[in-house]
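Here is what each chain is made of, one letter per residue.
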Amino acid sequence: MTEQSDELTGPDLATGIDVSTVGPGQLIAGHAFGEPVLLVHVEPNWFAVGGKCTHYGAPLDQGVLVSETIRCPWHHACFELHNGAASRAPALIDLPSYDVAVESDIVRVTRKRDHGQQKGEGHRARGSCAPERCLFEETPTAGPESVVIIGGGAAGNACAEMLRREAYRGPVTIIDPDPDAPYDRPNLSKDYLAGNAPEEWLPLHPREFYVAQHIEILSGLEATEIDVKSKTVNLSDGSSRKYGCLLIATGASPIRLDVPGGGRVDYLRSLGDCRAIIGKLGASKTAVVIGASFIGLEVAASLVTRGLKVSVVAPEALPLEGTLGRELGTLIMNVHQQHGVTFYLGRRVTSIDEKSVVLDDGSRLDADLVVAGIGVRPNLTLAESAGLMLDNGLAVNEFLQTSASGVYAAGDVARWPDAYSDLRLRIEHWVVAERQGQVVALNMLGGRDRFDDIPFFWSEHYDKLSIRYVGHVERWDEARIEGDVMKKDCAVSYMVGGKRRAMATINRDRRNLQTEVEMETELLLKPPPPVTVAAEA
C-alpha cells in the first residue's frame, strides 16, 4: 500500500473557507481540531467526515462521490457522508463525522460529533454507525432465535458485525478452528511476511470489541456436523449449538503438491502458516516459490524483501497471463526480475530433497525454503454431508441462501449467480467475501438483498507495483490499454462482445473506482433475474 503522511494539509476547516470556492460535488481535503477532514458539498447539504479511510488510510479526497457516500480509491470501501458509517467492506470502522455551519458565505466545521449519542438501539436505519456496545437478549424479540457462523474469516466476521449494526440483539456465535481468527488475511503475504507490518496490526478488532458486541468466538474448535432438520451444529469438543440462521463460510484450503519430498513444502493460508515461514527465514538464504499465482508472487516479493534469493517455478509461459494478459504479465515478470527473482517458466517440480527442488528438465534449484501457491479448493465437507446442493462450490441463490431453509453461504465456498455477467461464479476475493457476509446479515434479518456487487481485488508487489482489478472475466476478446504499461501507469479493459467486463489498473486508482461505479450503473438498467436456488420450506 502507498505510504501516507500524518502531516495535516489543506485549509483549516474549523476556521472556514469561502463558500464560493467549493463547487457541488467537490471534495475538499483539509483539517480541523488536529485531524484530517474531508468537506463535501452535495447540494443542498454540506458534510464533513474523517479524511482517511479506516481500512488502510487512503486519502478520501482522491475517491469518488456517489450520491451521499464517498468511496475509497484504494480498496473501494464505502462510507455514508451524513454520519461516517462504514457501509461497505473492506472498511469495518466508521469515519469520524463533524457538524458543518454556513454563515456569511463562510463554511466551517464546528465540532466533532460524539457517535455514542447517535447510536440509539432499536430500529436502526440502513447505513448506521456501529454500536459501541450491543444490548444483548438471550431470547431476541426480533430476528432469528440465534445466529451461528462457521468460519471466522472475511465473510464470517463481516456478517457478525453487520448483524450488530442492524440492531440484532440475539446470540451470535463464530466457530473457527484457527485460534487467531478473525484477522486481516490479505496482509499475510504482503507487508506482514515482508517484515513491514507488526503482528498487532493483523487482528480485525481487539478481542474486547467482540466482548462488547456480544459476539461469541469459539476459537480452535471445528464444526463437525450440520443437522439442517434440527438446526444444530455439532462441534469437535462434543458440544453443539442451535441456530435460527446459519452461515457457512468455511473458506478454502491450499492445494497440496503431490511429489516426492512434498512434505517440505510450506503453504500460506493462515497466520499460523505465515509464522511458520517467518520462523524458517533465519536459517534460509535461498527459496523456491512454486506457482506464479498472485499469492505466489506476493510471497516471492516478500521473501526478496527479507533478503532471500528467490526462484519462481510455474508451468505457464508468463506469470498471470491468463488473468491479466500478456502486457501486464510481462510487466509483472520484469518488476520481479529487477528485484532479483529468477523465473523457471514452462517447468514443473518433480521432487524435493533437503536442500533443493528438482524440475522436470532435470535442473536442480537451491532451496532452503520451499513455498507453494498453486491454488485452493473450497472446504465443502460439512455442506456435502449436510445434503446441501453443490455446484463447483456450495450453490446459493441471489440472496446467498443455500438449498436448506435458514442456511446461507458466503466467501470462497459460495457459488452464486452473478447479476452483471449472468454466470455462476465462485471467486476467492477478500472484499467479495466480506460484502457477501454483510448481505447475508441483512437477509437473515428479513431483507431481500440480492448480492450484486462488482468483484474487486488488489495485489501488491514490493513498493513498486500495486494492481487493482474490478469486474470478472475468464476470457476476453480484446484488451484495450490506456496509458503506458511499462511505465506502471495504465488501465487495461477486458472486452467481451464489445463491452468492458473487467479492468486492471496500475497507478490509476480513481479510474478503477470510476469503472466500478459505471458497471453498477449499467447493472441498474438490467431487470433482476429470477431466483435460481430456492430454499426448502
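Residues numbered from 1 in each chain as written. Predicted model: local features only at pLDDT ≥ 70, side-chain atom pairs only at ≥ 80, totals over all residues. Heavy atoms only, no water.

### Some details on empty space enclosed by the protein
Part 1 of the reasoning: Inspection of every chain in the model, using the stated rule, returns two cavities of 30 Å³ or more.
Part 2 of the reasoning: Estimated volume of the second largest cavity: approximately 40 Å³.
Part 3 of the reasoning: In terms of lining residues, the second largest cavity is bounded by Ala 130, Pro 131, Glu 161, Arg 164, Arg 165, Phe 209 and Gln 213.
Part 4 of the reasoning: Here the lining of the second largest cavity gets three residues from one element, more than from any other, and that element is helix α1 (residues 154–165).
Part 5 of the reasoning: Split by residue class, the lining of the second largest cavity holds three nonpolar, one polar and three charged. (1 Å grid on protein atoms, 1.4 Å probe; cavity = no way out; pocket = protein on both sides within 12 Å on 5 of 7 lines; lining within 4 Å. Points joined across faces, edges and corners; volume = space filled by probe spheres on them. Helix = DSSP H or I, 4+ residues; strand = E, 2+ residues; numbered from the N terminus. Nonpolar A, V, L, I, M, F, W, Y, C, P; charged D, E, K, R; others polar.)

### What to know about the layout of surface pockets
Empty space among the atoms becomes visible once a probe the size of a water molecule is rolled across them.
Part 1 of the reasoning: Volume-wise, the largest pocket comes out at about 1,400 Å³.
Part 2 of the reasoning: Together, 42 residues line the largest pocket, and Ser 293, Phe 294, Ile 295, Glu 428 and His 429 are the ones closest to its centre.
Part 3 of the reasoning: Only α2 (188–194), α5 (294–305), α6 (321–324), β31 (424–425), α9 (430–444) and β32 (456–461) provide two or more residues apiece to the lining of the largest pocket.
Part 4 of the reasoning: For the lining of the largest pocket, the class distribution of residues is 21 nonpolar, ten polar and eleven charged.

### A short note on the environment of Asp 463
Part 1 of the reasoning: Positionally, Asp 463 belongs in the loop between β32 and β33 (465–471).
Part 2 of the reasoning: Taking the C-alpha atoms as reference points, Asp 463 and Ala 301, 162 residues apart in sequence, are found 9.5 Å from one another.

### A word on the pattern of salt bridges
Part 1 of the reasoning: All told, the structure shown has 34 salt bridges when counted by the stated rule.
Part 2 of the reasoning: One salt bridge in this structure joins Arg 364 and Asp 353, with 2.5 Å as the shortest N-O distance. In this pair, Arg 364 is assigned in strand β25 (residues 364–366) and Asp 353 in the loop between β23 (349–352) and β24 (356–359), connecting sequence segments eleven residues apart.
Part 3 of the reasoning: Note on Asp 353: relative accessible area 30%, which makes it partly exposed.
Part 4 of the reasoning: Close ionic contact of Arg 435 with Glu 516 constitutes a salt bridge, the shortest N to O distance being 3.7 Å. (Salt bridge = Lys/Arg side-chain N within 4 Å of Asp/Glu carboxyl O. Buried < 20%, exposed > 50% of the residue type's maximum accessible area, 1.4 Å probe, protein only.)

### Some remarks on the sheet that holds strand β16 (residues 240–242)
Part 1 of the reasoning: Ordered by their spatial adjacency, three strands build an open sheet running β14-β15-β16, and the pairing between neighbours is antiparallel. Across the chains shown, the open sheet's two edge strands, defined by having one partner strand only, are β14 (223–227) and β16. This sheet shows a mean twist of 20° between the axes of neighbouring strands, independent of strand direction.
Part 2 of the reasoning: Alignment of β14 against strand β15 (residues 232–235), held across four bridges, turns out to be antiparallel. (Pairing = 2+ DSSP bridges. Axes fitted to C-alpha atoms, helices over the stretch in contact; angles between N-to-C directions.)

### Here we look at α5
Part 1 of the reasoning: In this model, α5 (twelve residues) spans 16 Å end to end at C-alpha, consistent with the 16 Å of a helix rising 1.5 Å per residue.
Part 2 of the reasoning: Among the twelve residues of α5, ten are classified as buried, and the element is accordingly described as predominantly covered.
Part 3 of the reasoning: Two residues or fewer after α5 comes Gly 307, characterised by a positive phi angle close to 100°. (Expected span 1.5 Å × (residues − 1).)

### Brief notes about the state of the cysteines
Part 1 of the reasoning: As enumerated under the stated definition, the model contains zero disulfides in all.
Part 2 of the reasoning: Among the cysteines around Cys 134, which has no disulfide bond, Cys 159 carries the closest sulfur, lying 14 Å off.
Part 3 of the reasoning: On the basis of relative accessibility, which here comes to 5%, the residue Cys 134 falls in the buried class.
Part 4 of the reasoning: Just so you know, Cys 159 is unpaired, no disulfide at all, and the nearest cysteine sulfur is the one on Cys 245, 9.0 Å from it. (Disulfide = S-S within 2.5 Å.)

### Some points on the packing of aromatic side chains
Part 1 of the reasoning: The full count for this structure, using the stated rule, is eight aromatic pairs.
Part 2 of the reasoning: An angle of 25° between the planes, with centres 6.4 Å apart, marks the rings of Phe 456 and Trp 458 as stacked.
Part 3 of the reasoning: Given a relative accessible area of 7%, Trp 458 falls into the buried group.
Part 4 of the reasoning: Their ring planes at 25° and their centres at 5.0 Å tell us that Phe 457 and Tyr 469 sit as a pair that is stacked. Residue Phe 457 is located in strand β32, and its partner Tyr 469 is located in strand β33; the two are separated by twelve residues in the primary sequence.
Part 5 of the reasoning: Judged by its relative accessible area of 11%, Phe 457 falls in the buried class.
Part 6 of the reasoning: Among the residues examined, Tyr 469 registers a relative accessible area of 3% and is labelled buried. (Phe/Tyr/Trp six-rings, centres within 6.5 Å; stacked < 30°, edge-to-face > 60°.)

### Looking at the sheet that holds strand β29 (residues 407–409)
Part 1 of the reasoning: Read from one edge of the open sheet, five strands run β13-β12-β11-β17-β29, paired in parallel fashion. Every interior strand has two partners, whereas the edge strands, β13 (215–219) and β29, have only one. Strand-to-strand, the axes of this sheet are offset by a mean angle of 20°, without reference to chain direction.
Part 2 of the reasoning: Pairing of strand β17 (residues 245–248) with β29 involves three bridges; the strand directions are parallel. The partner of Leu 247 across the bridge, within β29, is Tyr 408.
Part 3 of the reasoning: Strands in contact with α1 are β11 (147–150), β12 (172–176), β13 and β17; relative to β12, the strand with the most contacts, it is inclined by about 170°. (Contact = heavy atoms within 4.5 Å.)

That's the geometry; what it means functionally is another story.
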